[in-house]
Amino acid sequence: MTDSLTVRDNRTGSEYDLPITNGAIKGADLGKIKTSEDEPGLAVYDPGFVNTASCRSAVTFIDGEKGILEYRGYPIEQLAEKSNFLEVAYLLIHGDLPTKEQYDTWQHEITYHTFVHENVKSFMEGFRYDAHPMGMLMASVGALSTFYPDAGQIQDPKNRHMQIIRMIAKMPTLGAWSFRHAQGKPFIYPDNDLSYTANFLSMLFKMSERRYDADPRLVKALDILFILHADHEQNCSTNAVRSVGSSQVDPYSAVSAGVGALYGPLHGGANEAVLRMLRRIGSVENIPDFIKGVKDGNERLMGFGHRVYKNHDPRATIIKKACDDVFEVTGVNPLLAIAKELEKIALEDDYFISRKLYPNVDFYSGLIYEAFQFPPEMFTVLFAIGRTPGWLAQWDELVQDKEQRIARPKQVYTGQRQLTFVPASERWA
Ligand SMILES: CC(C)(COP(=O)(O)OP(=O)(O)OC[C@H]1O[C@@H](n2cnc3c(N)ncnc32)[C@H](O)[C@@H]1OP(=O)(O)O)[C@@H](O)C(=O)NCCC(=O)NCCS
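Residues numbered from 1 in each chain as written. Predicted model: local features only at pLDDT ≥ 70, side-chain atom pairs only at ≥ 80, totals over all residues. Heavy atoms only, no water.

Moving on: the packing of aromatic side chains. Inspection of the entire model under this criterion finds 19 aromatic pairs. Ring centres of Phe-123 and Phe-127 lie 5.9 Å apart, and the angle between their planes is 80°; this geometry places the pair in the edge-to-face category. Owing to a relative accessible area of 23%, Phe-127 belongs among the partly exposed residues under this scheme. Among the aromatic residues, those joined into a cluster by ring pairs are Phe-179, Phe-205, Tyr-369, Phe-372, Phe-374 and Phe-379. Above the plane of the ring of Tyr-351 lies Arg-355, whose end atom (NZ or CZ) is 3.8 Å from the centre. (Phe/Tyr/Trp six-rings, centres within 6.5 Å; stacked < 30°, edge-to-face > 60°. Buried < 20%, exposed > 50% of the residue type's maximum accessible area, 1.4 Å probe, protein only. Lys NZ or Arg CZ within 6 Å of the ring centre and 35° of its normal.)

As structure tokens, then:
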């Protein structure tokens, strides 16, 4: 078997042999296919990059048909059950699991960079009283670039490491303060005696008590949710981080672009839509009518289906288990019964089976977040905190990848050409 593709251009009769490496041909090789020397070569028209690989990456593996998700080769199920978010962050960034010593150093570094400059605090206080926390997070993480002007030295590995530590450490502080601002509550400083996730909960919910100790079962559940969201290869926000990062800007600016991408309803907003849908259904008796509406094409079963996963979303199975742990502490969300019955009915129905529609990560995550008493606007902030190590691992890989260049896609031009400009004074005369 030869690892190449033979293409015959029927416009000219010429044949081309294009090498295939790792299941891909190079876009630039297609550019050699032309009708004449002075014409641009053949391009691929691929809106949404549906079948275009933008990079080689060794961070995350997904097999959508089989429902497999692995970070640096480790199955998500094992990481969610046996690891913790900080260790998973180390794994994503460094490519390997840490030794005891490496983990202790990593934990120490992240813990001691949780504070932000006091001016960040006053800057955040300046937002309107009802500012969306995602907008505040996006602006404040971008603003950190002005506090660390050396972050632009992205070719220096030590410098990159410093910014990676800072960003993973400070995202919970910025996220929690964005939440407190809308509530008119004072910002809570980090408590470095607490774990990463317990400290985040403290900054969110602490009031006058000397120390806020969240229920360990809630800390564990939120930690698992962070792990599940830590990376998902070339999704929209990661692509935004890579695309902006390819200009060699500092990582704060690149990550703030990722937060912006995640802000959009098509990326981070589906779990909120699931809650709205469950509320609208209202009770288990109304499910058959709702399913009929979906099958008639009048609406979608939110939290079902995925562009990549066509068997099951491995994250959904883990989240469903975490739901039970959270509800043991907070009391059961009455919407859970509707969700479980809806899932049961849908998974037995040929409409959903034949279209390979299964619950995705968002089907249950909104229910958990609501049990924590997060308003829907906070759901994507939680997603962003979890995704930060993934964005940074991908950015770090990009910066070191000799094949990468500034992201600059081609276009297929469909507009007019060579018009003659008539000045306004003549056009309007
Ligand atoms: C995630 C999603 C956008 C993927 O879309 P996609 O890969 O482009 O799949 P398509 O929209 O082409 O759907 C294929 C078929 O399944 C149907 N379908 C897809 N998702 C459906 C859903 N949630 N409910 C009902 N039908 C659905 C489509 O109508 C289509 O049916 P058809 O072949 O009869 O036209 C889509 O499944 C969806 O909208 N899900 C609900 C929103 C959601 O949960 N998003 C979070 C993703 S993590």
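Quick look at unusual backbone geometry now. With a phi angle near 40°, Glu-233 is a residue other than glycine that sits in the positive phi range. Relative to the helices and strands, Glu-233 is located in the loop between α9 (216-229) and α10 (236-245). Glu-233 sits in the partly exposed class, given a relative accessible area of 28%. Of note, Gln-248 is a non-glycine position whose phi angle comes to about 70°, a positive value. Note on Gln-248: relative accessible area 51%, which makes it exposed. (Helix = DSSP H or I, 4+ residues; strand = E, 2+ residues; numbered from the N terminus.)

With that settled, the discussion passes to the state of the cysteines. If you walk through the whole model with that rule in mind, you get 0 disulfides. With no disulfide of its own, Cys-55 has Cys-236 as its nearest cysteine by sulfur position, at a separation of 14 Å. The class of Cys-236 is partly exposed, set by a relative accessible area of 48%. (Disulfide = S-S within 2.5 Å.)

Looking now at empty space enclosed by the protein. Counted according to the given criterion, the structure contains 1 cavity of 30 Å³ or more. Taken as a whole, the largest cavity holds about 30 Å³ of empty space. Lining the largest cavity are Gly-305, His-306, Tyr-309, His-312, Asp-313, Tyr-358, Pro-359 and Asn-360. Residues belonging to the lining of the largest cavity are distributed by class as follows: 3 nonpolar, 4 polar and 1 charged. (1 Å grid on protein atoms, 1.4 Å probe; cavity = no way out; pocket = protein on both sides within 12 Å on 5 of 7 lines; lining within 4 Å. Points joined across faces, edges and corners; volume = space filled by probe spheres on them. Nonpolar A, V, L, I, M, F, W, Y, C, P; charged D, E, K, R; others polar.)

Looking at the ligand, there are 16 residues lining it, with Arg-300, Leu-301, Gly-303, Phe-304 and Asn-360 nearest. Arg-300 places a polar side-chain atom, nitrogen or oxygen, 2.7 Å from an oxygen atom of the ligand. Within the contact set of the ligand, a nitrogen atom lies 3.2 Å away from a side-chain nitrogen or oxygen of Tyr-351. Calculation on the ligand without its partners gives an accessible area of 870 Å², and the protein chains cover 63% of this total. (Near = heavy atom within 4 Å. Polar contact = N/O pair within 3.5 Å; in protein donor to acceptor, adjacent residues only side chain to side chain. Areas by Shrake-Rupley, 256 points an atom, 1.4 Å probe, with all protein chains shown as cover.)

It is a general feature of regular strands that their side chains alternate between the two faces of the sheet. On strand β4 (residues 68-71), burial follows the alternation: Leu-69 and Tyr-71 on one face are buried, whereas Ile-68 and Glu-70 on the facing-out side are not. Where strand β3 (residues 60-63) lies against β4, 4 bridges are found, and the strand directions are antiparallel. Across the sheet, Asp-63 pairs through a bridge with Ile-68, a residue of β4. Counting the residues between successive antiparallel strands, the hairpin from β3 to β4 contains 4 residues, one of them, Gly-67, with a positive phi of roughly 70°. (Pairing = 2+ DSSP bridges.)

Turning next to the pattern of salt bridges. Enumeration according to the criterion identifies 21 salt bridges in this entry. In this structure, Lys-340 engages Asp-324 in a salt bridge whose closest nitrogen and oxygen atoms are separated by 3.5 Å. Placement of the pair is Lys-340 in helix α16 (residues 335-347) and Asp-324 in helix α15 (residues 314-330), with a sequence separation of 16 residues. Given a relative accessible area of 39%, Asp-324 falls into the partly exposed group. Here the salt bridges do not stand alone but share partners, grouping Asp-215, Arg-217 and Glu-328 into one network. (Salt bridge = Lys/Arg side-chain N within 4 Å of Asp/Glu carboxyl O.)

Quick look at the side chain of Asp-396 now. Considering the arrangement of structural elements, one finds Asp-396 in helix α19 (residues 379-400). Apart from the residues lying within four places of it in its own chain, the contact partners of Asp-396 are Arg-160 and Ile-164. (Contact = heavy atoms within 4.5 Å.)

It is worth spelling out the packing of helix α6 (residues 133-147) against helix α7 (residues 157-183) at this point. The relative placement of two packed helices is expressed as an angle between their axes plus a distance between the axes. Two elements in contact, α6 and α7, have axes whose closest approach is 9 Å; the angle formed by their N-to-C orientations is 140°. In terms of axis orientation, α6 runs oblique to α7. Read as a crossing pair, α6 and α7 show a hand that is right-handed. Side by side, α6 and α7 meet where Pro-133, Met-136, Leu-137, Ser-140, Val-141 and Leu-144 of the first sit next to Met-167, Lys-170, Met-171, Leu-174, Gly-175, Trp-177, Ser-178, Phe-179 and His-181 of the second. Here the contact of α6 with α7 is built from residues that sort into 10 nonpolar, 4 polar and 1 charged. (Axes fitted to C-alpha atoms, helices over the stretch in contact; angles between N-to-C directions. Parallel < 35°, antiparallel > 145°, perpendicular 65-115°, else oblique. Left-handed = near helix turned anticlockwise from the far one by under 90°.)

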